[in-house]
Amino acid sequence: MRQDAPYEKDLKPAMSFATLDVKLHPPSGTIILRRPERKNALNRRAVADLEQAFSDLHQTKSVRAVILAAEGDVFCSGADLVEISKAQQEEDPFEIYREDVSAIQTLLESILRFPKPVVAAIHGPALGWGAALALSCDLVVATPEAKLGLPEARRGLAAGHAAALLAFRGGAGLAARLALTGEPLDAEAARAAGIFHEIVPERQLWVRAHALAESIAKSAPEAVAMTKRLLNETIGEEVLTWLAAGSAMTATARTTEAARNGVQAFVDKTDPPAS
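Cut-offs applied
Per chain, residue numbering runs from 1 following the sequence as it is written. Local features in this predicted model are restricted to residues of pLDDT 70 or higher, and side-chain atom pairs are both shown and tallied only at a pLDDT of 80 or more, whereas totals for entire chains, interfaces and linings draw on every residue. Values reported for side chains reflect all heavy atoms of the structure, with hydrogen atoms and water molecules removed beforehand. In DSSP terms, a helix is any run of H or I states spanning at least four residues, a strand is any run of E spanning at least two, and both are numbered starting from the N terminus. The globule rule is 2.2 Å times the number of residues to the power 0.38, and the radius of gyration it is compared with is taken over C-alpha atoms. A 1.4 Å probe rolled over the protein chains alone gives each residue an accessible area, and that area as a share of the maximum for its type sets the label: buried under 20%, exposed over 50%, partly exposed in between. Asp and Glu are treated as the negative residues and Lys and Arg as the positive ones, with His and the ends of the chain left uncounted. We put the charge of a Lys on NZ, of an Arg on CZ, of an Asp on CG and of a Glu on CD. Contact criterion: two residues are considered in contact whenever any of their non-hydrogen atoms come within 4.5 Å of each other. Only protein atoms enter the calculation, which uses a 1 Å grid: trapped sets of points that fit a 1.4 Å probe without letting it out are cavities, open sets showing protein on both sides within 12 Å along at least five of seven lines are pockets, and any residue with an atom within 4 Å of a point is a lining residue. Grid points are joined across faces, edges and corners, and a volume is the space filled by probe spheres set on the points. Throughout, the ten residues Ala, Val, Leu, Ile, Met, Phe, Trp, Tyr, Cys and Pro are labelled nonpolar, Asp, Glu, Lys and Arg are labelled charged, and all others, Gly among them, are labelled polar. The criterion for strand pairing is that DSSP finds at least two bridges linking the strands in question. Call a crossover right-handed when, viewed with both strands pointing away from you, the route from the first strand across the helix to the second goes clockwise. The disulfide criterion is simple: two cysteine sulfur atoms within 2.5 Å. The rule for a salt bridge is simple: a side-chain nitrogen of Lys or Arg has to be within 4 Å of a carboxyl oxygen of Asp or Glu.

**Structural notes on the overall build of the protein**
Alright, step 1. Secondary structure assignment for the protein yields 11 helices and 10 strands.
Alright, step 2. Over its C-alpha trace the protein gives a radius of gyration of 18 Å, about what one expects of a compact globule, namely 19 Å for 275 residues.
Alright, step 3. Here the C-alpha coordinates of the protein stretch approximately 55 × 40 × 35 Å along the principal axes.
Alright, step 4. Out of the 275 residues in the protein, the part that is buried amounts to 51%.
Alright, step 5. Measuring between centres, the 30 positive side-chain charges of the protein sit 4 Å from its 35 negative side-chain charges.

This is the structure we're talking about:
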């Protein structure tokens, strides 16, 4: 969402973090990723800030649903490859990789288990871990320019978390298509696949997400929480196991020569080397 979005002046500042802001407009609370200069890539600080923001909103009784949005032209470009590149220079980076993927797994599970519905407001690309964030949310409202993709394999990496969540939301066939080809879904294709629930003009993105929060607020919070638990923890019980497997695969893939070359090419702003 743009900095000049029409709703911005109406939101009450609540909490500020290094990488995001939290604003309140009951019955919704909005978490806004604010690393537009890095295309809202998720570094360790951003993952920790998101975890804390959701924890804080859990305790805010006036908030009945959370909107997850972002500043700039990209919703989230995925894991911060510059941070991965720095880890690759360490003598034994695997423990760093393990901690990083464990942290994102914990965040995604927190969103799935969060007792209040979470609405993703997607504009522009949601890639890799950005796609995983969107797929962990209960509802997704997107603009016509939104895209969802899993491009990790083109950098020698593995989209373990996003692939698991995509299989949960859209089926294994769709997950295979995106994870193996690296080609994204545009907004209309994502809506047809049931991944995006609504497509609205950008100026209406937060407005529509907030309207969904107002609709949710008409129901008893206990009933909503139990319904979400049924969907994500009972019917969706296996997705938690899939996320754990995705963490192991993601960390292992980062140790390969292909990942080293692919990430270095990103840092050097060159094309990944041909396999």
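**Section: helix 5 (residues 160-170)**
Alright, step 1. For helix 5, the set of buried residues is Gly160, His161, Ala162, Ala164, Leu165 and Leu166.
Alright, step 2. The inward-facing, buried residues of helix 5 abut helix 3 (94-113), helix 4 (129-136), strand 8 (147-149), helix 6 (172-181) and helix 10 (237-253).
Alright, step 3. Positive phi shows up at glycine 171, right after helix 5, with a value of about 105°.

**Things to note about the layout of surface pockets**
Alright, step 1. There is about 540 Å³ of room inside the largest pocket.
Alright, step 2. In terms of residue class, the lining of the largest pocket is built from 11 nonpolar, 4 polar and 8 charged.

**Some details on the sheet that holds strand 6 (residues 125-127)**
Alright, step 1. A sheet is described by the order of its strands in space; here 3 strands give the open sequence 6-8-9, paired in mixed fashion. The open sheet terminates on both sides in strands that have one partner only, identified here as strand 6 and strand 9 (185-186).
Alright, step 2. Bridging between strand 8 and strand 9 involves 2 bridges; their strand directions are antiparallel. Across the sheet, the residue bridging to lysine 147 is aspartate 186, located in strand 9.

**Some words on the pairing of strand 3 (residues 28-33)**
Alright, step 1. The buried fraction of strand 3 is high, at 6 of 6 residues.
Alright, step 2. Burial along strand 3 is two-sided: the residues Ser28, Thr30 and Ile32 and Gly29, Ile31 and Leu33 are all buried.
Alright, step 3. Relative to strand 3, strand 2 (residues 20-25) runs antiparallel, the two being bridged by 6 bridges. Of the residues in strand 3, the one forming a bridge with leucine 24 is glycine 29.
Alright, step 4. Both strand 3 and strand 4 (residues 65-70) contribute to a ladder of 6 bridges, which runs parallel. Note on strand 4: the bridge partner recorded for leucine 33 is alanine 70.
Alright, step 5. A crossover links strand 3 with its parallel partner strand 4, the connecting element being helix 1 (residues 44-58), and its sense is right-handed.

**Concerning the state of the cysteines**
Alright, step 1. Under the counting rule described, the total for this entry stands at 0 disulfides.
Alright, step 2. Of the cysteine sulfurs around cysteine 76, a residue in no disulfide, the closest is that of cysteine 137, at 11 Å.
Alright, step 3. A residue is classified by how much of its surface remains accessible, and cysteine 137, at 2% relative accessible area, is buried.

**Regarding the pattern of salt bridges**
Alright, step 1. Scanning the model with the defined rule gives 12 salt bridges in all.
Alright, step 2. Between glutamate 71 and arginine 34 there is a salt bridge; the shortest N-O distance is 1.9 Å. One end of the pair, glutamate 71, is in the loop between strand 4 and helix 2 (81-88); the other, arginine 34, is in the loop between strand 3 and helix 1, and 37 residues separate them in sequence.
Alright, step 3. Residue glutamate 71 is classed as buried on the basis of its relative accessible area, which comes to 9%.
Alright, step 4. Put simply, arginine 113 and glutamate 233 hold a salt bridge, and the shortest N to O gap is 3.0 Å. Of this pair, arginine 113 sits in helix 3 while glutamate 233 sits in helix 9 (residues 221-235), and the two are 120 residues apart along the sequence.

By themselves, these figures tell us nothing about what the structure is for.
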